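Coordinate analysis (summary)
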Amino acid sequence: LARKELKQGLIACMYALVGAITGGLFMYYWGWQNEVHAVSMVAKVPAVDMEMIKFASGQMDREGALSLIRGAYGGIPYKVYAVQSFGSGISLMPFLVISILSRLSRFMLVTCLFHYGLKLLSGMGIKWNPIIPLIAFWIVFYCFYFTLI
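Predicted model, so just to flag it, every value in this text is computed and none were measured.

1. Focus on the overall build of the protein
- When helices and strands are counted, the protein shows six helices and zero strands.
- Counting from the amino terminus, helix and strand elements in the protein follow one another as α-α-α-α-α-α.
- If one aligns the C-alpha atoms of the protein with their principal axes, the spans along those axes are about 55 × 30 × 25 Å.
- For the protein, long-range pairs separated by at least 24 residues make up 75% of all intrachain contacts whose partners lie at least 6 apart in sequence.
- Just so you have it, the protein exposes about 8900 Å², and 71% of that area is on carbon and sulfur atoms.
- Charge separation in the protein, taken as the distance between the mean sites of 12 positive and 6 negative side-chain charges, equals 14 Å.

Take a look at the structure:
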């Protein structure tokens, strides 16, 4: 969507935000009800391990709800923070507000980077199949993301 019109991409970010926050609220609730089980299940997600979970827990103990912002840009999946938030003393409203800000800022940053990066390349006269830049962008994005983990 962001290839042609930035506005369409930013609207899509709002839909992605609704999905992310819904999932985050489920994870928060699960952690509230049974954090030990929730954490053990999250540790089974590919590319997530107990070391990462412990790091996020320590970060939340030190920084509180603000750790959700650093987590959004630090390569640790949101679900790792969400299931441990209640146990780290982060109440629902700060969790929700910071989640919205951190998730939306990341979605919008990625969308804008893709949109303006594609405009820059198109302005150089580079022609290609429209799906190629999208695939290349996500490969580069996730290579960078997984190097942070």
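Picking up where we left off.
2. Some remarks on helix H4 (residues 78-85)
- Across the eight residues that make up H4, a large majority, seven, are buried.
- Those residues of H4 that fall on the buried side of the exposure criterion are Tyr78, Val80, Tyr81, Ala82, Val83, Gln84 and Ser85.
- Looking at the buried positions of H4, the neighbouring elements they touch are helix H1 (6-42), helix H2 (50-63), helix H3 (67-73) and helix H5 (92-123).

3. A few points about the nonpolar core
- If you look at the biggest cluster of nonpolar residues, it comprises 27 residues, and the most contacted ones within it are Val42, Val80 and Phe95.
- At the level of elements, H1, H2, H4 and H5 are the ones that each hand at least two residues to this core.
- Ranked by the residues each element gives to this core, the list is headed by H1, at nine residues.
- Look past the residues within four positions of Val42 in its chain and what remains in contact with it is Met27, Val48, Ile53, Lys79, Val80 and Val83.
- Counting residues in each nonpolar core, the second largest holds five residues, with Val110, Phe114, Leu118 and Phe137 among its members.

Definitions and limits used
- Residues numbered from 1 in each chain as written.
- Predicted model: local features only at pLDDT ≥ 70, side-chain atom pairs only at ≥ 80, totals over all residues.
- Heavy atoms only, no water.
- Helix = DSSP H or I, 4+ residues; strand = E, 2+ residues; numbered from the N terminus.
- Contact = heavy atoms within 4.5 Å.
- Areas by Shrake-Rupley, 256 points an atom, 1.4 Å probe, with all protein chains shown as cover.
- Lys, Arg positive; Asp, Glu negative; His and termini not counted.
- Charge placed at Lys NZ, Arg CZ, Asp CG, Glu CD.
- Buried < 20%, exposed > 50% of the residue type's maximum accessible area, 1.4 Å probe, protein only.
- Core = buried A, V, L, I, M, F, W, Y, C linked by side-chain atoms within 4.5 Å.

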